[in-house]
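Understanding the architecture of this molecule
Below, each chain spelled out in residue letters.
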Amino acid sequence: MQRRWYTAGAIIAGLAMVATACTGGTGGGGGTTKGEIIVASDQPTSGGDASDGIPAQNGIQFAVEQAGSIKGFKLTFKGWDDTVNGNHDPQKGAQNIQEMIADAKILGMVGPNNSNVARAMIPIANRASFVMISAANTNECLTQTFPYCEADTGTTPAKLRPNGVNNYFRIAAADTFQGPAAADYAVDTLKATKVAVWSDNETFGKGVADKFSTELQKKGGTVVVRQDFDTKTTNDWKPFLTDAKNKGAQAIYAGATSGTKICIPRAQMKGILDVPYMVPDGGVNAQCIKDAAESAANMYGTVAAADANQNPDAKATIDAFKARFTKKEDVGSYTFPAYDCAKILIDAIGRAIDANGGNLPSREQVRKAVSETKNFKGTTGTYTFDPNGDPTSPTMAIFQTKGSPLDWVFVKQFGVGG
Amino acid sequence: MVGSLKQARVAFVEAPIGRLVNLLVILAVLYVIFILATKILAQGPSYFLQILTYGVANGAIYALVALGYTMVYGIIELINFAHGDLFTLGGFISLFLLPIFGADASKAGTAGIILPLIAVFLVTMLICGAINVSIERVAYRPLRRAPRLAPLITAVGMSFVLEGLMFLWKGPFNLPYPNLLPTTGIAIGGATIGLKDIFVIALAAILMVVLALFVSRSTLGKAMRATAQDQDATELMGIDINRTIAATFFIGAVLAGAGGTIFGLYYNTLVFDLGFSAGLFAFTAAVFGGIGNIQGAALGGLLIGLITAMWDGYMESTWTQVIIFAILILVLVFRPTGLLGMRVPEK
């Protein structure tokens, strides 16, 4: 209920900002006389994934508000929602990016949240040399070429970039790290070698569940049950859970997101089996704790980005954010990664303006500036992009549900790859 | 020997392609049954009993929703697409009523919960009934003599209206529904039959038996059956057709309201667009059993629940929906009127 009012508030605030932007652009005070540059975002801000999308959008909006202007240009924020019928939607994402490209003031965007949405957006943006930076996309086939990419996702990084030049960047660690990190944690820390695995059969969910399974087997563990559900029509996970119990599962791994009911099966475990429940980043949010109801304790989650709270230098930014967005559910595990993405984009726009002799840069100049990002100090880490658009030293963090009231609590983080 | 081989070859080559397809289908079905049977034997009887319980409980809920589809179709040949959403609305209304009638978590699983729950059930069922009667009055009655497609489209429209209203009311998120039923169960042969499962199955069974008795014994039930057979003749007999049809919508919605409440109490979660998939399966259940046939809808719902649970429990759940509809196709090929036969108005 509160969240809905908040969403309405965000929309009204967004509209108000657009309105002020329209009037402000012509007047322009102080150092904002050269015109307006818009930073766009695409997140699922109204559907089942809104518990991830709204906190991320807040981070982007906050970064733009904080900057205010860049080298004489007024900076404004404009957010798009990629939700249709309560769930993130690739076609809606494609439509959104076309709208962004149609607006000449928009020089780049931060997002999207979901890998399948990214897959629909990247080729369209690529033809327009329009730069995208995502904080949360983790599907490895978006940036890296593996033999299975074509079969699993129907596309390859090269096909996603028809003009041959990379326009897509991300700071999240790819799923090649996320699933295995969870499997390592299961075996090494939770001492669970027999694990039952389910997925929502989507690009992200199935991918992360498969990689979890592979690493688990590599470490000598066994996947005792494996199921892929159509979560739109599935209400009952009890047969799966009973099967898991009978086969001696010591933990359950769920490859899904809040929009695909990731933590509903957790609630149904009550009375069947009481073992740790592990989720990828799509479940590390407040909605998951709500959905898990009485069984919300003893859950573990991976996040493909560092926790800004662990960085003492980020404290001032976090405090300022919390003064601007006051509700508990305004901030999530991807708020500050998204904030950092927006900062990287703004920084690149600044360098592009310089490169263009102080004039409004082209989208290609901005894209180039983003690709040249070197050792950018953000709240969640120091970022440099490799030629694929991946961060050169991604971080993986582990969270666990703890305390009263239950919440996701940071356990540890570590660098992966690089 | 050579002759019979030659004959067989000729028969094979000359066989109508349809017979070959039939043979392949039968082989595929036998193969699937064989695999399922091996898995059932391998997993042991207590596991089977457990999965069976889940399947019956799940099927009982589908059956309650399917009854509403089948009754409305039986009387005015309308697929009431809004029915699945009315089921969800029942869940939403009961969620809203729970605290009002004092059914809170502190009483969960105790005797103190019984009276408030009964009150919640009754009021939810009445409200749902009233809503469905209004929908019929506004969206279907004016179109009763219109071409078939017109009320079908208004039904799709009502479905979106209801979903939209629930979206506005509670937002897009999964809603937690309090766990008020006892969480204990009875151990039978290694399986645990939860009191929750028993509650769902018993309540659904009672509602369906009451409905069946009502339709077969009461005057209004007789009027409904008469209207289903021949509206004009029924009207000539002095029966108020509008009232009878409204009563059908009312009863269907009462069952959907109860179904929504049972769903919430059983799964402890609701979401605004639940009705789309629940409605689709319930409608399938109605066709499965023979549309217009009350016993058929109950049987169809039960079967869909069982198939889902068995497939999820023993096989790959990726294929659950495929299997349900494959079985539906098979049933309809051999029995085009559904398992227990259609009962629809005569032309």
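First, a word on what this report is: a plain description of the structure on this page. (Residues numbered from 1 in each chain as written. Chains lettered and ligands numbered in written order. Predicted model: local features only at pLDDT ≥ 70, side-chain atom pairs only at ≥ 80, totals over all residues. Heavy atoms only, no water.)

So, the interface of chain A and chain B
Let me state the cut-off plainly: It only takes one pair of heavy atoms within 4.5 Å for two residues to be counted as in contact. When two parts are brought into contact, each loses some accessible area as probed by a 1.4 Å sphere; the total of that loss over both is the buried area. By definition here, a salt bridge exists when the distance from a side-chain nitrogen of Lys or Arg to a carboxyl oxygen of Asp or Glu is within 4 Å. In the analysis that follows, any N or O atom pair within 3.5 Å is treated as a polar contact, provided that within protein one partner can donate a hydrogen and the other can accept it, and provided that, for residues neighboring in sequence, both atoms belong to side chains. Strands are runs of DSSP state E lasting at least 2 residues, helices are runs of H or I lasting at least 4, and numbering of each runs from the N terminus. Residues were grouped as follows: Ala, Val, Leu, Ile, Met, Phe, Trp, Tyr, Cys and Pro as nonpolar; Asp, Glu, Lys and Arg as charged; and all remaining residues, including Gly, as polar.
Taken together, the contacts link 36 residues of chain A with 35 residues of chain B. Between chain A and chain B, the buried area comes to about 2,800 Å², and carbon and sulfur atoms account for 50% of it. Where chain A meets chain B, there are 1 salt bridge. Across the pair D273 of chain B and K232 of chain A runs a salt bridge, and its minimum N-O distance is 3.0 Å. Where chain A packs against chain B, one counts 15 residue pairs in polar contact (both at pLDDT 80 or more). Where the side of chain A that touches chain B is concerned, the elements lending two or more residues are α1 (2-27), α2 (50-67), β10 (222-228), α9 (238-246), α10 (264-268) and α11 (286-292) of chain A. Looking at the side of chain A that touches chain B, the element that brings in the most residues is α9 of chain A, giving 6 residues. Residues belonging to the side of chain A that touches chain B are distributed by class as follows: 7 nonpolar, 15 polar and 14 charged.

Some words on the packing of helix α4 (residues 83-100) of chain B against helix α10 (residues 241-267) of chain B
All names here are of chain B. Convention followed: Each axis is a line fitted through C-alpha atoms, taken for helices only over the stretch in contact, and angles between the N-to-C directions span 0 to 180 degrees. Should an angle fall under 35 degrees it is taken as roughly parallel, and over 145 as roughly antiparallel, whereas 65 to 115 is taken as roughly perpendicular and any remaining angle as oblique. Each crossing gets its handedness from the near helix: less than a right angle anticlockwise from the far helix is left-handed, clockwise is right-handed.
Relative to each other, α4 and α10 sit at 55 degrees, their axes nearing to 7 Å. Looking at the two axes, α4 sits oblique to α10. As α4 packs across α10, the resulting crossing turns out to be right-handed. Where α4 approaches α10, its residues H83, L86, F87, G90, G91 and S94 are matched on the opposing element by G252, A253, A256, G257, G259, G260, T261 and F263. Here the residues of the contact of α4 with α10 are counted per class, giving 5 nonpolar, 9 polar and no charged.

Some details on the state of the cysteines
All names here are of chain A. Selection criterion: In this description, a disulfide is simply a cysteine sulfur pair whose atoms lie within 2.5 Å. Working definition: with a 1.4 Å probe on protein chains only, accessible area under 20% of the residue-type maximum means buried, over 50% means exposed, and in between means partly exposed.
The final tally for this structure, using the stated rule, is 2 disulfides over all chains. Disulfide partner of C263: C288, at an S-S distance of 1.9 Å. Between C263 and C288 the disulfide shows an S-S torsion of about -70 degrees. By sign, it is left-handed. Of this pair, C263 sits in the loop between β11 (251-255) and α10 while C288 sits in helix α11, and the two are 25 residues apart along the sequence. Considered together, C263 and C288 belong to a single accessibility category, that of buried residues. What links to what in chain A: the bonded cysteines, counted in sequence order, pair as 1-2, 3-4.

Function cannot be read off these values alone, since they describe shape.
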